[in-house]
Amino acid sequence: MSTVMEARRTDPLPPVVHTAAMLWLAAVAFGAFETVLMVAQLLYEGTATVAELLPQAGIRLAVFAVAVFLALRLKRGENWARLTLAVTLGIFGTLSLVIGPVQWLLAGGSIGEAVSGADAMGLIFAGSRIMHVVAVLGAVTLMFQPRANAYFKRPARLPAP
């Protein structure tokens, strides 16, 4: 027996919302990849131990899990998930991804200098980070397109019995 609390959207999922959710999942994948690269490099260099990295890895894993949960709720048409993604990961998450490079550039660094001095791991990490940011910005943009706005404004309806 369905209740109002279990109401789900029965109207078709607009492609912009589906694509936004997929971009959020891609952003999570890029974030996980970057975490693996970072952990591997720190362990390889011997600058950190597994025990030292576990707390930060645990926090990242929790953020990734919440992001996946929210992306799936976004697909179901839950506006609170859209707003939560936009504010937490769209704004604060993006700032956390770009603040280091922006500070470095403001301190006199240059993109040419970064590319010429980068090793393969650095270039792979940078490429992943760029794709990560592009996925987040794309997802946020798509979540607020007119078709997405109309989808999220419709009241949830109970599925037919």
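As the structure is a computational prediction, the values presented were derived from the model and not from experiment.

## A few points about the environment of R147
When you line up the elements, R147 lands in helix α6 (residues 146-153). Given the relative accessible area of 54%, R147 is considered exposed. Residues R147 and P15 lie 132 residues apart in sequence; the distance between their C-alpha atoms is 8.7 Å. Once you skip the residues sitting within four places of it in the chain, R147 turns out to touch P14, P15 and V16.

## Quick word on the side chain of H132
In this structure, H132 sits in helix α5 (residues 120-143). Not counting the four nearest positions on each side in its chain, H132 is found in contact with A27, F30, G31, E34 and L97.

## Comments concerning the packing of aromatic side chains
Scanning all chains against the criterion turns up two aromatic pairs. Summarising the aromatic geometry, the rings of F69 and W80 are spaced 6.2 Å apart at their centres and angled 40 degrees between planes, so their arrangement reads as tilted. With F69 in helix α2 (residues 50-75) and W80 in helix α3 (residues 79-106), this residue pair connects regions lying 11 residues apart in the sequence. W80 gets classed as partly exposed once you look at its relative accessible area, which sits at 42%. Centroid distance Y151 to F152: 5.4 Å. Interplanar angle 75 degrees. Geometry classified as edge-to-face. There is no split in this pair, since Y151 and F152 are both buried.

## Comments concerning the pattern of salt bridges
Pairing of side chains with opposite charge becomes possible as their charged atoms draw close. Enumeration over the complete set of coordinates arrives at three salt bridges. With a shortest N-O distance of 2.9 Å, R129 and E34 are connected by a salt bridge. Residue R129 is located in helix α5, and its partner E34 is located in helix α1 (residues 15-45); the two are separated by 95 residues in the primary sequence. Here R73 makes a salt bridge to E78, at a shortest N to O gap of 3.4 Å. Within this structure, R73, R76 and E78 form a network of salt bridges that share partners.

## Quick word on the packing of α1 against α2
The geometry of α1 relative to α2 is characterised by a closest axis approach of 9 Å and an angle of 175 degrees between their N-to-C directions. Classed by the angle they form, the pair α1 and α2 counts as roughly antiparallel.

## Observations regarding the packing of α3 against α5
Two elements in contact, α3 and α5, have axes separated by 10 Å at closest approach and are oriented at 150 degrees. By the angle between their directions, the pair α3 and α5 is classed as roughly antiparallel. In this structure, α3 meets α5 at a crossing whose hand is left-handed. Within the contact between the two elements, α3 uses R82, L85, A86, L89, G90, T94, L97 and V98 and α5 uses R129, H132, V133, V136, L137, V140 and M143. For the contact of α3 with α5, the class distribution of residues is 10 nonpolar, three polar and two charged.

## Observations concerning a nonpolar patch on the surface
A contiguous nonpolar patch, built from W104, L105, I111, V115 and L123 and spanning about 470 Å² of accessible area, is present on the exposed surface. Contributions of two or more residues to the nonpolar patch are made by α3 and α4 (111-116). Its location among the elements puts V115 in helix α4.

Calculation notes
- Residues numbered from 1 in each chain as written.
- Predicted model: local features only at pLDDT ≥ 70, side-chain atom pairs only at ≥ 80, totals over all residues.
- Heavy atoms only, no water.
- Helix = DSSP H or I, 4+ residues; strand = E, 2+ residues; numbered from the N terminus.
- Buried < 20%, exposed > 50% of the residue type's maximum accessible area, 1.4 Å probe, protein only.
- Contact = heavy atoms within 4.5 Å.
- Phe/Tyr/Trp six-rings, centres within 6.5 Å; stacked < 30°, edge-to-face > 60°.
- Salt bridge = Lys/Arg side-chain N within 4 Å of Asp/Glu carboxyl O.
- Axes fitted to C-alpha atoms, helices over the stretch in contact; angles between N-to-C directions.
- Parallel < 35°, antiparallel > 145°, perpendicular 65-115°, else oblique.
- Left-handed = near helix turned anticlockwise from the far one by under 90°.
- Nonpolar A, V, L, I, M, F, W, Y, C, P; charged D, E, K, R; others polar.
- Patch = residues over 30% accessible without salt bridge, like charges linked within 9 Å, V, L, I, M, F, W, Y side chains within 5 Å.
- Areas by Shrake-Rupley, 256 points an atom, 1.4 Å probe, with all protein chains shown as cover.

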